[in-house]
Amino acid sequence: MPVKNKTVKMDAANKYIYFMKLDDEPKANKARMVGLQGQTSGTNARQLQTLQTKMFDVKMAGSANQQRTVLAYFQTGDGLWDALKHAWKDQITIHLYRVDFNQVSGTKPNRQAPVEYAQCIISTLPNTETLNSVFQSSVVFEVQGIAQDGVITEDQLEDDAFDLGNALYGMMKPTEVGDGTATQVPGSVSTDKTVNQGN
């Protein structure tokens, strides 16, 4: 929509991040990140009912049907795929949160953002989208009833979600990364003077 005497500001589609929590998880668990909006972000539809008369059709909207498509991406050992498969296999209700990070307000650690909440099931769970790519799937969540709008605070989501929601990772120092059980890699720098560094 054109605006007069204002700066044009658009919502970024990639700042809508989906989080979920399974209905059989402990209440103390926070919602975890699932992924971004899929290329088709979902549908809001109603069954169309038509009454035919001799002169014209009379139409009205019937029952509502909603779907949400999430581009879920998986990292090694994060357990997300297992959780989705469990929900699909055992017909567990998924509490789905569509968080709008375009409109974050407040200051850390008390930030909040608009959210759409829906109770969903998964009827189809594709293994993967394409070969030779990141392990990811476009998962369609079937909404029970009608999704509800609200506000969510950062303490309800996994740690650092408001910072990492669209960044995947934050700054880490060299001594914070690596494998705690790894032995020395040839050619790397060790602080252990007894390690042969190839000199």
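**Q** Could you give me a rundown of the nonpolar core, with the residues and numbers involved?
**A** Counting 23 residues, the largest nonpolar core has Met20, Leu84, Ile94 and Phe141 as the members making the most contacts within it. Going through the elements one at a time, β1 (16-22), β3 (57-73), α1 (80-90), β4 (94-100), β5 (112-122) and β6 (136-143) are the ones with two or more residues in this core. Dropping the residues within four chain positions of it, Phe141 is found in contact with Val34, Gln66, Gln67, Arg68, Val70, Leu84, Ile94, Leu96, Cys120, Ile121 and Ile122. Of all hydrophobic cores here, the second largest spans 14 residues; its members include Phe19, Val99, Phe101 and Val115.

**Q** Explain the side chain of His95 to me, using residue names and the numbers behind them.
**A** Following the sequence through the fold, His95 ends up in strand β4. Polar side-chain contacts of His95 include one of 2.7 Å to the side chain of Tyr117. Setting aside residues up to four positions removed in sequence, His95 forms contacts with Phe19, Met20, Lys21, Leu22, Asp23, Tyr117, Ala118 and Gln119.

**Q** Give me the lowdown on α1, citing residues and values where you can.
**A** Every buried residue of α1 is accounted for by Leu80, Trp81, Ala83, Leu84 and Ala87. Seen along its axis, α1 keeps its buried residues to an arc of 165 degrees; they face one direction. Among the exposed residues of α1, those oriented more than 90 degrees off its buried face are Asp82 and Lys89.

About the cut-offs
Residues numbered from 1 in each chain as written. Predicted model: local features only at pLDDT ≥ 70, side-chain atom pairs only at ≥ 80, totals over all residues. Heavy atoms only, no water. Core = buried A, V, L, I, M, F, W, Y, C linked by side-chain atoms within 4.5 Å. Buried < 20%, exposed > 50% of the residue type's maximum accessible area, 1.4 Å probe, protein only. Helix = DSSP H or I, 4+ residues; strand = E, 2+ residues; numbered from the N terminus. Contact = heavy atoms within 4.5 Å. Polar contact = N/O pair within 3.5 Å; in protein donor to acceptor, adjacent residues only side chain to side chain. Arc of directions from axis to C-beta.

None of this, on its own, says anything about what the molecule does.
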